[in-house]
Amino acid sequence: MSEPLAERMRPRTLDDYVGQRHLVGEGAVLRKMIDAGRISSFILWGPPGVGKTTLAQIIANKLETPFYTLSAVTSGVKDVRDVIERARSNRFFSSASPILFIDEIHRFSKSQQDSLLGAVERGVVTLIGATTENPSFEVIRPLLSRCQLYVLKSLEKDDLLALVNRALKEDVVLRERKITLKEHGAMLRYSGGDARKLLNILELVVESADASSEVVITDQLVEDRLQQNPLAYDKDGEMHYDIISAFIKSIRGSDPDAALYWMARMIEGGEDPEFIARRLVISASEDIGLANPNALLLANAAFDAVMKIGWPEGRIPLAEAVVYLATSPKSNSAYLGIDSALANVKQTGNLPVPLHLRNAPTKLMKDLGYHDGYKYSHDFPGHFVEQQYLPDDLMQTARFWHAQHSPAEEKLYQNMLSKWGDRFKE
């Protein structure tokens, strides 16, 4: 049985390597180190199928140094120590350090990562880690500080097409077939910038055709063969957080078109509608706030509607809320206010409640002055009377809420000015 197409087409040299010119192109940082024959430990961060493992293997071949591979999924601390010991015994004084390649290094536990530190620091091994997740969250700080970080990008359309055409011309199996690439849109869309996935799609489409007949690759043929959702959306991966971040920032930035687009991406990617609805309630409070208090009501109503009517109809109240929130005036004064108050509480601790604000359910409490002097607001004109509500130590300095003067919030501000005067002057 022959190797999969993706493995047969794996580049063996940098000249055959596709993409990542910012790292391995002429004069680029990694290319210079490789050409000089000495590399330092580094971590490759990028989406699946962009050449992280291939690049590590090319470097090992170019440097002609021992190359050890560990998978973070199947290896434990003992495996790490065994490999380090083998690398130490194979190291010669004049040679470059053996390369230890760890795929999916973000899956290594803290203890597994700790076991690498000494060997990396002393140069027993040169570590090349590969990860699809943000290393600043997943790799321990001491290890990250000992490694350079290089970011790999999703492959561009031209890179992917070049890869397909090369496979059709050079692969030992495909070049024996009569294959015409009439359309490529679906292949690129389903691959999501992943070279391995792209070659797997090409291989599947070709193998599903009669061996004796010509294969004409069209978008319809690819869609018929795959019959799956082409959108890459890992709910536990970084793209999940990138898209929800773009979604919320589009609402905050008052762009309803962008907000609807990012929500569509989440919907098509299989995101839980309840998660989207929760984010809308948060956005209504954090970003629209007092500039349009109805936004929170509508977001909460959309949340309830999704729970009641289910999917796919739930997309409609969600879309209504998204457009309303994106087109509403914005204020984060309440959000900033509570954060300011929390910071003050952490700094000042448990300041005593003024006596007149305390309840006095017992005679002893009354004798101690609890509740004494409290003025009941509703007994005064306009349901307001000026009195102290903050602890004594904060009376002269504390201001937590600062109005942002949208039309709706301006009314609240003017009401405070009429009651408290200079205290609320900005």
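So, here is what we can say about the structure in this document. (Residues numbered from 1 in each chain as written. Predicted model: local features only at pLDDT ≥ 70, side-chain atom pairs only at ≥ 80, totals over all residues. Heavy atoms only, no water.)

### As for the overall build of the chain
- If you tally the helices and strands in the chain, you get 20 helices and 7 strands.
- Relative to the 2.2 N^0.38 estimate, which gives 22 Å for 426 residues, the radius of gyration of the chain is 31 Å and therefore markedly larger than a compact globule would have.
- Excluding contacts between residues fewer than 6 apart, the proportion of contacts in the chain whose partners are at least 24 apart in sequence is 71%.
- For the chain, the exposed area adds up to about 23,400 Å²; of that, 53% sits on carbon and sulfur atoms.
- Across the chain, the 50 positively charged side chains and the 57 negatively charged ones have centroids separated by 4 Å. (Helix = DSSP H or I, 4+ residues; strand = E, 2+ residues; numbered from the N terminus. Rg over C-alpha atoms; globule rule 2.2 N^0.38 Å. Contact = heavy atoms within 4.5 Å. Areas by Shrake-Rupley, 256 points an atom, 1.4 Å probe, with all protein chains shown as cover. Lys, Arg positive; Asp, Glu negative; His and termini not counted. Charge placed at Lys NZ, Arg CZ, Asp CG, Glu CD.)

### Comments concerning the pattern of salt bridges
- The full count for this structure, using the stated rule, is 11 salt bridges.
- Between Asp35 and Arg31 there is a salt bridge whose closest N-O contact spans 3.7 Å. Remark: Arg31 and Asp35 occur in helix H3 (residues 29-36); sequence separation between them is 4 residues, near one turn of the helix.
- Assessed through its relative accessible area of 48%, Asp35 is described here as partly exposed. (Salt bridge = Lys/Arg side-chain N within 4 Å of Asp/Glu carboxyl O. Buried < 20%, exposed > 50% of the residue type's maximum accessible area, 1.4 Å probe, protein only.)

### Looking at the packing of helix H14 (residues 256-268) against helix H17 (residues 315-327)
- In contact at an axis separation of 9 Å, H14 and H17 are set at 150° when each is read in the N-to-C sense. Overall, the two elements H14 and H17 adopt an arrangement that is roughly antiparallel. Remark: the crossing between H14 and H17 carries right-handed chirality. For the pair H14 and H17, contact is made by Pro256, Ala259, Leu260, Met263 and Ile267 and by Arg315, Leu318, Ala319, Val322, Val323, Ala326 and Thr327, respectively.
- By residue class, the composition of the contact of H14 with H17 is 10 nonpolar, 1 polar and 1 charged. (Axes fitted to C-alpha atoms, helices over the stretch in contact; angles between N-to-C directions. Parallel < 35°, antiparallel > 145°, perpendicular 65-115°, else oblique. Left-handed = near helix turned anticlockwise from the far one by under 90°. Nonpolar A, V, L, I, M, F, W, Y, C, P; charged D, E, K, R; others polar.)

### Remarks on empty space enclosed by the protein
- Scanning the model with the defined rule gives 1 cavity of 30 Å³ or more in all.
- Each pocket or cavity is described by its volume, and for the largest cavity that value is around 30 Å³. (1 Å grid on protein atoms, 1.4 Å probe; cavity = no way out; pocket = protein on both sides within 12 Å on 5 of 7 lines; lining within 4 Å. Points joined across faces, edges and corners; volume = space filled by probe spheres on them.)

### As for the packing of helix H15 (residues 273-288) against helix H16 (residues 294-309)
- At their nearest, the axes of H15 and H16 sit 8 Å apart, and the two run at 175° to each other. By the criterion of interaxial angle, the relationship of H15 to H16 is roughly antiparallel. Residues Pro273, Glu274, Ala277, Arg278, Leu280, Val281, Ala284, Ser285 and Ile288 of H15 form the contact with H16, whose participating residues are Ala295, Leu296, Ala299, Asn300, Phe303, Val306 and Met307.
- Across the contact of H15 with H16, the residue classes tally to 12 nonpolar, 2 polar and 2 charged.

### Some remarks on the layout of surface pockets
- In this model, the second largest pocket occupies a volume close to 480 Å³.
- Forming the walls of the second largest pocket are 24 residues, and the residues nearest its centre are Arg10, Gly49, Gly51, Thr54 and Arg196.
- If you list the elements that add at least two residues to the lining of the second largest pocket, you get helix H1 (5-8), helix H4 (52-63), strand S4 (126-131) and helix H11 (195-207).
- Taken together, the residues of the lining of the second largest pocket sort by class into 12 nonpolar, 6 polar and 6 charged.

### Some details on the packing of aromatic side chains
- Within the structure shown, the criterion is met by 5 aromatic pairs.
- Ring centres of Phe67 and Phe101 lie 6.2 Å apart, and the angle between their planes is 20°; on these two criteria the pair is classed as stacked. One end of the pair, Phe67, is in strand S2 (residues 67-71); the other, Phe101, is in strand S3 (residues 99-103), and 34 residues separate them in sequence.
- Of the residues examined, Phe67 reaches a relative accessible area of 27% and is grouped as partly exposed.
- Feature note: the residues Phe384, Tyr389 and Trp420 constitute an aromatic cluster, connected by ring pairs.
- The cationic tip of Arg423 hangs over the ring face of Trp420; the distance from NZ or CZ to the ring centre is 4.6 Å. (Phe/Tyr/Trp six-rings, centres within 6.5 Å; stacked < 30°, edge-to-face > 60°. Lys NZ or Arg CZ within 6 Å of the ring centre and 35° of its normal.)

### Examining the side chain of Thr126
- Along the chain, Thr126 turns up in strand S4.
- Discounting chain neighbours no more than four positions away, the residues touching Thr126 are Ile39, Ser40, Ser41, Ser97, Pro98, Ile99 and Leu100.

### Topic: H4
- The end-to-end C-alpha distance of H4 is 17 Å, a good match for the 16 Å that 12 residues give at a rise of 1.5 Å each.
- Looking at the buried residues of H4, the elements they touch are helix H2 (21-24), H3, strand S1 (42-45), S2, S3 and S4.
- Just beyond H4, the residue with positive phi is Glu64, at close to 50°. (Expected span 1.5 Å × (residues − 1).)

### A closer look at the environment of Leu297
- With respect to the element layout, Leu297 can be found in helix H16.
- It is 8.6 Å that separates the C-alpha atoms of Leu297 and Val281, two residues lying 16 residues apart in sequence.

### A look at unusual backbone geometry
- With omega at 15°, the peptide bond leading from Trp311 into Pro312 counts as cis.
- Here Pro312 lies in the loop between H16 and H17.
- Positive phi, normally seen in glycine, also occurs at His383, with a value near 60°.
- Along the polypeptide, His383 turns up in the loop between helix H19 (363-367) and helix H20 (407-420).
- Take His383: its relative accessible area is 53%, and that puts it in the exposed class.
- In this model, His405 sits at a positive phi of 65°, which is unusual for a non-glycine residue.
- With respect to the element layout, His405 can be found in the loop between H19 and H20.

### What about H14?
- Its 13 residues place the ends of H14 18 Å apart at the C-alpha level, agreeing with the 18 Å of an ideal helix rising 1.5 Å per residue.
- Burial in H14 covers these residues: Ala258, Ala259, Met263 and Met266. Projected down its long axis, H14 carries its buried residues within an arc of 135°, all on one side.
- Its side-chain oxygen at 3.2 Å from the backbone nitrogen of Asp257, Asp255 defines the N-terminal cap of H14.
- Gly270 sits one or two positions beyond H14 and adopts a positive phi of about 90°. (Arc of directions from axis to C-beta. Polar contact = N/O pair within 3.5 Å; in protein donor to acceptor, adjacent residues only side chain to side chain.)

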